[in-house]
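# Examination of the molecular architecture
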Amino acid sequence: MTAKTLSPVIEKEQIALLEQLSNACGILSDVGEVRKIVLEKIQPYCDSVKVDALGNILAIRKAQQPGALRVMLAAHMDEVGFMVVESEEGGLFKLVTVGGIDVRYLPGKPVLVGKDHVPGVIGAKPIHLMKRDEMQTAMDLDGLRLDVGPDGGDKVKPGDHVYFATRFQQVGSSMVGKALDDRIGVVTLATLLQYAPANIELLAAFTTQEEIGLRGARVAAYGFDPDLAIVLDSTPAHDYPSYDGSENRYFNTRLDAGPAIYVADTGTISDPRLLQHLFRVAAENGIPYQIRQPGPGGTDAGSIHKQRSGIPSVSISVPGRYAHSPVMVSRLSDWRNSLTLAHTALTTLPQDILQRA
Amino acid sequence: MTDIKQFLNELLSLPGLSAYEGPAREHIASTWKPLVDEMQVSPIGSLHALKKGFGSEPRPRILLAAHMDAIGMMVTGVTDGFLSFTEIGGIDPRLLPGLRVTVHAKRNLPGIIVMPRDALLPERKSETPVEMKYLFIDLGLSAAETAELVQIGDLVSFAQEPMELPNGIITGHSLDNRASVAAVTACLEELHNVQHAWDVWAVATAQEEETLGGGFTAPFAIRPDLAVAIDVTFAKGPGASDWRTFPLGKGVSLGIGSNVHPGFFKAVKEVADKLDIPVHNELMPRGSGTDALAMQIVADGITTLVIGIPLRYMHTPVEMVAMKDIQRAGHLLASFIATLPVDFMQNLKWDD
Amino acid sequence: MKELIRSLVEATGPSGYETQVRELVQTSITGLADEVKVDALGNLIARKGKLKEGGKRVMLSAHMDEIGLIATFVDDNGFIRFTANGGVFPVYLLGSRVRFLNGVEGVIGAESNNLRDQAPAMDKCFIDVGAKDRLGCPVSVGDMAVFVRPYLDLGDRLVSKALDDRVGVAILVEALKQLQDTPNELYFVFSTQEEVGTRGAITAAYAVDPELGIALDVTKTGDTPKCDKMEVTLGKGPTVKVRDSGMLSDPRVVRWMRKTAEKAGIPYQLEVLEAGSTDARSIQVTRAGVPVGVISIPCRYVHSPSEMVDYQDVVNSVKLLVALLSERIVLEQQ
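Residues numbered from 1 in each chain as written. Chains lettered and ligands numbered in written order. Predicted model: local features only at pLDDT ≥ 70, side-chain atom pairs only at ≥ 80, totals over all residues. Heavy atoms only, no water.

### Digging into the layout of surface pockets
Selection rule: Buried and open spaces are told apart on a 1 Å grid over the protein atoms alone, a cavity being a set of points where a 1.4 Å probe fits but cannot get out and a pocket being an open set with protein on both sides within 12 Å along at least five of seven lines. Residues with an atom within 4 Å of a point are the lining residues. Grid points are joined across faces, edges and corners, and a volume is the space filled by probe spheres set on the points. Counting from the N terminus, the helices are DSSP H or I runs at least four residues long and the strands are E runs at least two residues long. In the scheme used here, Gly and all other residues not listed as nonpolar or charged are polar, with Ala, Val, Leu, Ile, Met, Phe, Trp, Tyr, Cys and Pro taken as nonpolar and Asp, Glu, Lys and Arg as charged.
Roughly 1,100 Å³ of volume is contained in the largest pocket. Lining the largest pocket we find 45 residues, and of these Asp30(A), Lys115(A), Lys157(A), Pro262(B) and Asp351(B) sit closest to its centre. Counting residues per element, the ones that place at least two in the lining of the largest pocket are α2 (32–42) and β9 (161–164) of chain A together with β14 (252–257), α7 (262–274) and α10 (344–347) of chain B. Tallied by class, residues from the lining of the largest pocket come to 17 nonpolar, 13 polar and 15 charged.

Printed below as a string of C-alpha cells:
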C-alpha cells in the first residue's frame, strides 16, 4: 500500500508566491532575493537544506519507505537581464545582456537596477529627430543607455545587474510577468516539496546559472547523484498566426494545450522510459499534454543527464509566450496540469522503471 | 631566492604548446621544487604542487591555477618542401605573413611564414587577408630534406625572443599565461617562510587554450575548498580601450560575475585594500574566459575567484606585460593565504 | 567481418535510440567478455581481462548511434516537417529516403519542386510517407528516423549509411574476438549519443574510470577530386590521430601507437582533422584526466547516406588494436 498523499493544487497561495518571485530579481548566481523567498517557503517541508558553491539550493525530503528511488527535481532561479558595465556622466550607463535577449526588445523599457531595485529606463531617440532611414535599422546595444536620472548615478555602479521592471499580474486565466521562466517551475517545485510523494526520496534543486550554460544544475546533479531526474521549466509558445495566414509550424508549444514534454532538444534526448511513463500517466488520468517541438533550446536536463555514470532525465515545461522579453504570458490551466502531471508521475513511479526493457 | 624576471624569461624561451607542455612543465617543476612539499604530473600533463599548511589535518585546501600551455601551430601537410599548418589556440591569420617560427620536427628548425601572391590563390579582391589554409611555412631546406625531417602533427612555435622595455615591461610570446605562472611562483616564494593554515596547491594547468582540460581535471583530483584562476586580461592599448581593459602596470584585476563567489571576492579585495595593492574590478557579465569557468563546475561545485594580469596584444607574438603587475598578483595571493583563517568556508556568505 | 559490418549498418540506431544496434552487438559478443552491462544512457560496456602486473585499465569506445531526423510537425496533408538529430547536411536531404523507428519509410521533398543545382534549407524540406492527411499519417511529432540506402560491397571498398561509426563498432567486436591474453583490463564501450555531442562517452568514462582511452571512429579524407586539403587517403591504413577540433591526442599515446604499428608492420597514417571530434574528447577530461588517442578509419562522404571505407583499412585497424592491447602498455615521455 502506498501512503496516502495529498494532491497539490494551484490556488491563491501558489499564485501569490509566483507573484512575489516573478517580481523578485536574480541573474546567474546573483539570485539572493529569489533564494531568500524560496528558502523561507520550503524550510518547513525539508529534511535538509543547503546552499552550494554556485548558489543552488539543494533540499531533500526523505521517502516514507525504504529503498525508494532517489528523484532529482530541478527548477532554475535565475532569469535573463543585463549587467551595467560602464558609467558615463549624468546617470547614464552602458549595458551588456546576460542570457539570450533580443536587443530589439530593449528601447523604451523600464528597468530595475541592483539589489535595491533602483528604477531606470532604457531610452530611445525621439522620432522627430530621426533621419529618414533610421527606423529601418535595429538599435544595437552600443547605442543604448541605461538612464537612472541625472542625479541618480551614485546609486548604480558597474557590475550591478539590471532587470526588466514588469510587475506581475493575473489577467483572467493568464499570468503575466517578467521572469515566469522559470519562477513558475520554482513554485511548482516548492509545492511538490510541500506535498511530497511518500514513495520517493525527493531531491530538489533550485538552480543557478541556467541561462548561461546549465551550470548550476550540473554540480547539483553531481552532488545529489540521483537515480533519475525531472526538470520543471518554462518553454516558449509561439502559437500566433504567421504574416500570410499560412499554417504556423514553428510554434514550439501552444498555450492551453497542457504541459510540454520534451522528446529531444539541443542539450538532451529524453530518457525513453521516463517519456513512456509520463505519456501513460497523462493518458490514464486524463491530463492533457503536448510534445514540445524537437529543436533548438534546452533545459537543465542537458547537464544533469551527463553527470557521473549517467542520470536518466526528462523535462516538463509550462508554455509561455514571449520568453526572454520584458513580459511573459502563461496560462493557469497549463500550470495546474503541469503540477498534476509531475505529482501523479511521481506518486505512480514504478520502482523498476530503470530496469531497461 | 628565485629571480622571478629571470625565471619568466627562461620560461618564455621554452616550447609548451597545449598538450605538449613538457619543456615548460619541467622548468616550472625544478623552480617550484624547493618551495613545495610534493609534486605530481596529472594524467593530462598539469603540474600539481602541494605546499602543506601548518594547521592540523584535515586542512582546507586552496588551488591556484595558472595555465602553462601556449598557443602555436601544427603541421597538417608537407608539399614540395612547403608546410601547411593549422592553429592551436586562437590566432589571427593576419599577423602571420612574414613571421619567424620554430618547427619542432626531428630537430628544431627555423622557418618563416609565407603569404602566396594573389595570382596563386583562389580569385579574390587584392590585398584582402589570406586565410590560414593558404599560408605556408618555408624552412629554406630542399623538398627532400624537409620531407625527411618534418611530419604531420609536428608543432610550430613563435620564434620571437622576449625583450625588456623600460620600467620592467616584458614583451614576447606566451606571456599568456606564463606571466601568471610567474605570479604563482612569486606567491610560493613569499609563502616560503610563512605559517599558513591552509594547504596550498599550486597548479600549472595544461590545455587551457584548447579545452580548459587542466581546469576541469585538476580540481577533480585535488578537491579544493577554494580555487583561483590566475590569467592575463586585456590591458588598455591600441585597439583596446573599453570597459574590458585595464591600464598596463597599474594593478591587477579581480573578476566580478557568475564564475566568482561574491564572498571570496570581498575577502580578497579587503586584503588588497589593506595592503594598498591597486586592483580593478573586472566585469564578466557572461562568465570568465579562464580555467575558473571549468573549475567552478567540477564535481559538486567549487568556490572560485579570478585574478587578471593586464596584458597588451593578447595572442600575438609580442604580448606585453608589466613585471610590477606580476609581483602584485603574487603578493596579493600570498598575503591572502597567509591570513586565511581555518574556518573561512564556514563563514563564507552569499551576499543575499 | 563484412557480414558483421553489413548487419550493423543495416540496423536503425538514431542517437538516443540505439537499442537495435545494441542488441546486435550483444549477440555478436556473447561469451567473449567477462562482464557486460548497459548503463543509464544505454552504453553497452563489456569488460575483458582483469588487471595484471604492469597492465592498465583501458577504455575503448566506438559509437553505436547514427545521424538522423526528428519529426517536428505534421501538416493537414500528412507531410512531416523535421529537424536534425546529429550533424545532417542539407545538401544530402533532397531525394533521400528515411526510415522511422516504427518501420515507416518515406522520401524527402522540398518546398520548391524546381530545385536543380541548389540545396534547400532543412526547414524547406519535408518527409512524405505517402499519407493523405494528418490523421492518416503514421508518424507523430518526436518520432526519430534514419537515412536508408542499400549496402554496397565494391570489393575493397564498402559503401553504406552509418559506417560512421558502425565500422568502429565492428572493429571493436572483431578485436574482442581476436584478443587472446592481455595484462590489461579492457572495457569495450559501445557508446550512445556521440553524434549529438559525444554524450554517452562522458558517463561511460566516468563509470569505467580508465587510465587510458582510445576511440575508434571514422575520419575524413583528402583524396577526392578538388576536395579540401587533408593528408589522409583511403586504403593507406588506419590513422593515428594527432588532433581534431575537439582535442589534442596525448603525445605519449600517439608515439605508442606509431611504434606499435611500425613494429607489427601495419600501415598507418597521421591525422590532423580540422572539423569534427570523437568520444576521446569526452574521455580526456573525465575525473582527474585521462591520456587519450584515436584510431580513425578513413572515410569518404562522411555524414552522407553513402559513406565509403576501405576494407583493408578496417582489417588493419583490427590488427593495430589487437597489437596495442595484447601487451603491457608503456607511455613514454618525450
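Back to the text.
### Here we look at the interface of chain C and chain A
Spelled out, the test is: Here a residue-residue contact requires only that any non-hydrogen atoms of the pair lie within 4.5 Å. Accessible area, probed at 1.4 Å, shrinks when two parts are joined; the buried area is that loss added up over both. Salt bridges, as used here, are contacts in which a Lys or Arg side-chain nitrogen is within 4 Å of a carboxyl oxygen on Asp or Glu. Two N or O atoms count as a polar contact when they lie within 3.5 Å, although within protein this holds only if one can serve as hydrogen donor and the other as acceptor, and sequence-adjacent residues are included solely when both atoms are side-chain atoms.
Contact with chain C, which involves 32 residues of that partner, is made by 31 residues of chain A. For the pair chain C and chain A, the two sides together bury roughly 2,200 Å², of which 58% comes from carbon and sulfur. Three residues, Phe73(C), Arg199(C) and Tyr206(C), lead the burial of chain C against chain A; their summed loss comes to 27% of the area buried on that side. For the pair chain C and chain A, the interface holds 2 salt bridges. With a closest N to O distance of 2.9 Å, Glu247(A) and Arg134(C) form a salt bridge. For the pair chain C and chain A, the interface holds 9 residue pairs in polar contact (both at pLDDT 80 or more). Secondary-structure elements contributing two or more residues to the side of chain C that touches chain A are α2 (19–28), β4 (68–74), β5 (80–85) and α4 (199–208) of chain C. Tallying contributions element by element places α4(C) first for the side of chain C that touches chain A, with 5 residues.

### Section: the interface of chain C and chain B
At the junction of the two partners, chain C supplies 26 residues and chain B supplies 27 residues. Approximately 2,200 Å² of surface area, both sides summed, lies buried where chain C meets chain B, with 59% of it carried by carbon and sulfur atoms. The largest per-residue losses of area from chain C upon contact with chain B belong to Arg243(C), Leu248(C) and Ala288(C), which jointly make up 24% of the total buried on that side. On the surface where chain C and chain B come into contact, there are 1 salt bridge. For the salt bridge of Arg243(C) with Glu210(B), the shortest nitrogen-to-oxygen distance reads 2.6 Å. Viewed at the interface, chain B and chain C are joined by 5 residue pairs in polar contact (both at pLDDT 80 or more).

### Section: the domain arrangement of chain B
All names here are of chain B. Worth spelling out the cut-off: As used throughout, domain bounds are those supplied by an automatic or database domain assignment.
Partitioning chain B into domains gives domain 1 (4–70 + 173–347) and domain 2 (72–158). Computed over C-alpha atoms only, the centres of domain 1 and domain 2 are separated by 33 Å. The interface is formed by 11 residues belonging to domain 1 together with 13 residues belonging to domain 2. For the pair domain 1 and domain 2, the summed buried surface comes to about 970 Å²; carbon and sulfur atoms form 71% of the total. Considering only the side of domain 1, the residues that lose the most area to domain 2 are Leu 17, His 315 and Pro 317, jointly responsible for 47% of the buried surface there.

### What to know about the sheet that holds strand β6 (residues 100–104) of chain B
Within a beta sheet, neighbouring strands are joined by backbone hydrogen bonds and run either parallel or antiparallel to one another. Selection criterion: Should DSSP find at least two bridges between two strands, the strands are regarded as paired. What counts as an axis is a line fitted to C-alpha atoms, over the stretch in contact for a helix, and the angles between N-to-C directions run from 0 to 180 degrees.
A barrel is described by the order of its strands in space; here 6 strands give the closed sequence β4-β5-β8-β7-β6-β9 (chain B), paired in antiparallel fashion. Averaged over all pairs of adjacent strands, the angle between their axes in this sheet comes to 45°, without regard to strand direction.

### Describing the pairing of strand β9 (residues 144–148) of chain C
Residues and elements named next belong to chain C. We count it as follows: A simple rule labels every residue: compare its accessible area, found with a 1.4 Å probe on the protein chains alone, to the largest value its type can have, and call it buried under 20%, exposed over 50%, or partly exposed in between.
Within β9, 5 of the 5 residues are buried, which leaves the element mostly enclosed by the surrounding structure. Where β4 meets β9, 2 bridges bridge the pair, whose relative direction is antiparallel. Bridged to Leu 69 within β9 is Ala 145. Inspection of the sheet shows strand β6 (residues 97–100) paired to β9 by 4 bridges, in the antiparallel sense. Considered in β9, the bridge of Arg 97 is made with Val 148.

### Examining a nonpolar patch on the surface
Residues and elements named next belong to chain A. What counts is decided by this rule: Patch rule: a residue counts if its relative accessible area is over 30% and it has no salt bridge; like charges are joined within 9 Å, and nonpolar side chains (Val, Leu, Ile, Met, Phe, Trp, Tyr) within 5 Å. We get accessible surface area from the Shrake-Rupley algorithm with a probe of 1.4 Å; when it comes to residues, only the shown protein chains can shield them.
Together, Tyr 105, Tyr 240 and Tyr 322 line one region of the surface with nonpolar side chains, adding up to about 270 Å² of accessible area. Tracing the backbone through its elements, the reader meets Tyr 240 in the loop between β13 (228–236) and β14 (260–261). The class of Tyr 240 is partly exposed, set by a relative accessible area of 37%.

### Thoughts on the packing of helix α2 (residues 22–32) of chain B against helix α4 (residues 175–191) of chain B
Residues and elements named next belong to chain B. Heads up, the rule is: Here the word oblique covers every angle except those under 35 degrees (roughly parallel), over 145 (roughly antiparallel) and from 65 to 115 (roughly perpendicular). The sense of a crossing depends on the near helix, which, turned anticlockwise from the far helix by less than a right angle, makes the crossing left-handed and, turned clockwise, makes it right-handed.
Packing of α2 against α4 brings their axes to within 11 Å, and their N-to-C directions diverge by 15°. Viewed along their axes, α2 and α4 adopt a mutual orientation that is roughly parallel. Note that α2 runs across α4; the crossing there is right-handed. Contacts from Ala 24, Ile 28, Thr 31 and Trp 32 in α2 reach Arg 178, Val 181, Val 184, Thr 185 and Leu 188 in α4.

### Topic: the domain arrangement of chain A
All names here are of chain A. Here the domain parsing of chain A yields domain 1 (12–79 + 178–347) and domain 2 (81–164). Between domain 1 and domain 2, the C-alpha centre-to-centre distance is 31 Å. With a shortest N-O distance of 3.0 Å, Lys 115 and Asp 30 are connected by a salt bridge. Connecting domain 1 to domain 2 are 4 residue pairs in polar contact (both at pLDDT 80 or more). A breakdown of the residues in the side of domain 1 that touches domain 2 according to their chemical character gives 4 nonpolar, 4 polar and 5 charged.

### Digging into the pattern of salt bridges
Considering all chains together, one arrives at 44 salt bridges over all chains under this definition. Taking the shortest distance from any N to any O, the salt bridge between Asp92(B) and Arg94(B) comes out at 2.8 Å. Among the residues examined, Arg94(B) registers a relative accessible area of 59% and is labelled exposed. The salt bridge involving Arg47(C) is made with Glu35(C); its shortest N-O contact spans 3.0 Å. With Arg47(C) in strand β2 (residues 44–48) and Glu35(C) in strand β1 (residues 35–38), the pair connects residues that are 12 residues apart, well separated along the chain. Classification of Glu35(C) by relative accessible area gives partly exposed; the value is 37%. Overlapping salt bridges bring together Glu79(A), Lys178(A) and Arg183(A) as one network.

### Brief notes about the pairing of strand β5 (residues 82–88) of chain B
All names here are of chain B. Among the 7 residues that make up β5, 5 are buried, leaving the element largely enclosed by the rest of the structure. Bridge analysis of strand β4 (residues 72–79) against β5 gives 7 bridges, and the strand direction is antiparallel. Paired with Gly 72 across the strands is Ile 88, a residue of β5. Connecting β4 to the antiparallel partner β5 that follows it, the hairpin turn spans 2 residues, and Asp 80 within it adopts a positive phi of roughly 50°. Summarising the sheet, β5 and strand β8 (residues 136–138) pair through 2 bridges and their orientation is antiparallel. By the bridge assignment for β8, Phe 82 is matched with Asp 138.

### Notes on helix α1 (residues 4–12) of chain B
Residues and elements named next belong to chain B. Quick note on the threshold: Arc definition: directions from the helix axis to the C-beta atoms.
Three or more residues of α1 are buried, namely Ile 4, Phe 7, Leu 8, Leu 11 and Leu 12. Axial view of α1: buried residues confined to an arc of 130°, hence all on one face. Elements that come into contact with the buried residues of α1 comprise α2, β11 (169–172), α4 and α9 (323–338). Structurally, the start of α1 carries an N-cap: the backbone nitrogen of Lys 5 is 3.0 Å from a side-chain oxygen of Asp 3.

### A word on the packing of aromatic side chains
Where two aromatic rings form a pair, the distance of their centres and the angle of their planes describe that pair. Using the following cut-off: Ring pairs are drawn from Phe, Tyr and Trp, using the six-membered ring of Trp, whenever the two centres fall within 6.5 Å, and their geometry is named by plane angle: stacked under 30 degrees, edge-to-face over 60, tilted for the rest.
Enumeration over the complete set of coordinates arrives at 14 aromatic pairs over all chains. Ring centres 5.4 Å apart and planes at 85° place the aromatic pair Phe82(A) and Phe164(A) in the edge-to-face group. With Phe82(A) in strand β4 (residues 81–87) and Phe164(A) in strand β9, the pair connects residues that are 82 residues apart, well separated along the chain. The interplanar angle of 75° and the centroid separation of 6.4 Å between the aromatic rings of Trp198(B) and Phe344(B) together place this pair among those described as edge-to-face. Pair noted here: Trp198(B) is in the loop between α4 and β12 (199–205) and Phe344(B) is in helix α10, with a separation of 146 residues, a long-range link. Judged on exposure class, the residue Trp198(B) and its partner Phe344(B) are both buried. Among the aromatic residues, those joined into a ring-pair cluster are Trp198(B), Phe264(B), Phe336(B) and Phe344(B).

### A few points about the sheet that holds strand β6 (residues 109–113) of chain A
Residue and element names in this part refer to chain A. Read around the closed barrel, 6 strands run β4-β5-β8-β7-β6-β9, paired in antiparallel fashion. With 2 bridges connecting them, strand β5 (residues 92–98) and strand β8 (residues 146–147) associate as antiparallel partners. Paired with Leu 92 across the two strands is Asp 147, which belongs to β8.

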